[in-house]
Amino acid sequence: MCKHLQDLGDKGLQELMLAQDFANRTYSATTQSHARRRRRTSALQSTLYHAQQSLRKLLVMKAVYIPILAGVLLLLAITTVSILSVDASVQLTREEWLQPEENTLLNQLNAPQKVIVEVGGSAISSLKTLGFNFSEIMAMQAAAKEVHPLKRIQAGHAFIRHDTDSGTDVYYEIDAGQKLHLSRTEEGWHAALEKMSVTRRQVYVEATISDSLFVDASKAGLDDRTTMNLVDVFAWDIDFARDLRKGDSFQILYEEQYNDAGKMTGTSILNAVFVNQGRRYHAIRYRLKNGNTDYYSLNGQSLRKAYLKAPVKYSRISSRFRLARKHPILGYTRAHKGVDYAARTGTPIHALGDGRISFAGWKGGYGRLVEIRHTNRNHSTRYGHMSKFGRGIHKGVRVKQGQIIGYVGMSGLATGPHLHFEFRVRGRAINPLHVKHTPAKPVPKAEMAGFKRHANQLQSNLKLAAQESGWG
Ligand SMILES: [Zn+2]
């Protein structure tokens, strides 16, 4: 009897296994498709699993009434299995007309989303853009605190969100060699540092400007990204749109980073010398003990200052535009009271320094105007003729240096697209060139010796590379 039941039980088990196998095949056949179907299939699998488990338990039990009960249960189980199998096949046909809609939904769900941190942007704003709510962002911040605080994120670096069936992962590229990995588990957010292997290559390039910075740099073999970095490194000292002259020159030693796949993942300038109108500017990249990397002059002064040299970035496009249109760039005069920057409509306008928006609206001949009252409350800057305001730019809002506050246009009294820019001291427009720029914190005294050694090393590398390129 027991043997017979065993056989019957085995048969039932076999059928169950077959059904489960069918469910598994259905599952693997659709692995690339839909979460919803997976959920249904796994519900089916788990039902089968539980039925199987109960049956196994029953078979182990030796009580007298068990055979009858088992027989009934077996019948029940077989019926259930056949119902479920039918259901699964029905689902398959129904799935076909569900596919297109689900596909789009799922493609959106499974494709990683990427957000680049804007200048003046925060981890919070980036994570919001990726669709996280405030409490989740707080939880992520708390998780990341001991690993890589989210306060320490840098503009230009990316946050990536990847939703999969097993959960949600968020990556932040700390640098070419490591990333922060945040993952949502059942206990909440978990943070870890992940290493990426990276190959570095140092490159030396020098050029003299005869045409435009981008053209001459490119002729010398520099990629646009590194040229843009060069413009950014000296953004506090040189107004590339207005100050650049024929005969200006630069030497740079930079590093290219490649990932495992041989793809260039980044470039960073290690040491740069820029000669502008006979004045020589140095930039040494240095990483402080607190982990912040910045550029310093040879004597350890920060290149950062309270104000950028210009509110629009010099780019390949703006330089081309300037040449094509020969738009006069008006300088400061008693009649003009500002500086005009010719640029294409839509070119981003950056806050010259930290402060609070004191005006954002239409003002007569200025057209769309933004005024910022700076941290030094005697100082304010005005940006006129905008085509539109930057996102979230309203009166009273705090802005960070470099943040986009609006876009070039020709609103108000303007004959062509340009930015009218004013620097005001106690409400009176002055020549921006006469503004004293106070530098940010220098290299701390305790780290100065280390910085000097680093700077000297880079300087001799640069000289050596320059000699070599001279011989070549
Ligand atoms: Zn003007």
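Not measured: the values here are computed from a predicted model.

Novice: How would you sum up unusual backbone geometry? Please name residues and give values.
Specialist: Positive phi, close to 50°, is recorded for Gln277, a residue that is not glycine. Assignment of secondary structure puts Gln277 in the loop between strand 8 (264-276) and strand 9 (279-287). Exposure remark for Gln277: the 10 C-beta atoms within 10 Å place this residue in the exposed category. Even without glycine at this site, Arg426 takes up a positive phi of about 50°. Mapped onto the elements, Arg426 comes out in the loop between strand 19 (418-425) and strand 20 (428-430). Looking at Arg426, the number of C-beta atoms within 10 Å reads 9, which means it is exposed.

Novice: Quick one: what's the story with the pairing of strand 7 (residues 249-258), residue by residue and with numbers?
Specialist: Note that strand 6 (residues 199-208) and strand 7 share 10 bridges and pair antiparallel. Residue pairing across strands places Gln202 opposite Glu255, the latter belonging to strand 7. As paired elements, strand 7 and strand 8 share 10 bridges and run antiparallel to each other. Across the sheet, Ile252 pairs through a bridge with Ala272, a residue of strand 8. Between strand 7 and strand 8, which follow one another and run antiparallel, lie 5 residues, and Gly262 among them has a positive phi close to 80°.

Novice: Describe the sheet that holds strand 6, listing the residues and the values that go with them.
Specialist: Pairing is antiparallel in the open sheet, where 5 strands are placed in the order 6-7-8-9-10. Strands with a single pairing partner mark the edges of an open sheet, and in this sheet they are strand 6 and strand 10 (293-296). Pairs of neighbouring strands in the sheet enclose a mean axial angle of 20°, with direction left out of account. Across 4 bridges, the pairing between strand 9 and strand 10 is antiparallel. The partner of Tyr286 across the bridge, within strand 10, is Asp294.

Novice: Tell me about the environment of Phe359, and please be specific about residues and values.
Specialist: Among the structural elements, Phe359 can be located in strand 13 (residues 355-363). Spatially, the C-alpha atom of Phe359 lies 8.9 Å from that of Arg382, the residues being 23 residues apart in sequence. Discounting residues that sit within four places of it in the chain, Phe359 has contacts with Leu369, Val370, Glu371 and Lys395.

Novice: Tell me about the sheet that holds strand 16 (residues 388-389), and name the residues and values.
Specialist: Taken in spatial order, the 3 strands make up an open sheet running 12-18-16, and their pairing is antiparallel. The open sheet has two edge strands with one neighbour each: strand 12 (348-350) and strand 16. Taken together, the 3 bridges between strand 12 and strand 18 (residues 404-407) define a ladder with antiparallel strand orientation. Looking at the pairing, His350 lines up with Ile404 of strand 18.

Definitions and limits used
- Residues numbered from 1 in each chain as written.
- Predicted model: local features only at pLDDT ≥ 70, side-chain atom pairs only at ≥ 80, totals over all residues.
- Helix = DSSP H or I, 4+ residues; strand = E, 2+ residues; numbered from the N terminus.
- Buried ≥ 20, exposed ≤ 12 C-beta atoms within 10 Å, placed from the backbone.
- Pairing = 2+ DSSP bridges.
- Axes fitted to C-alpha atoms, helices over the stretch in contact; angles between N-to-C directions.
- Contact = placed C-beta atoms within 7 Å.

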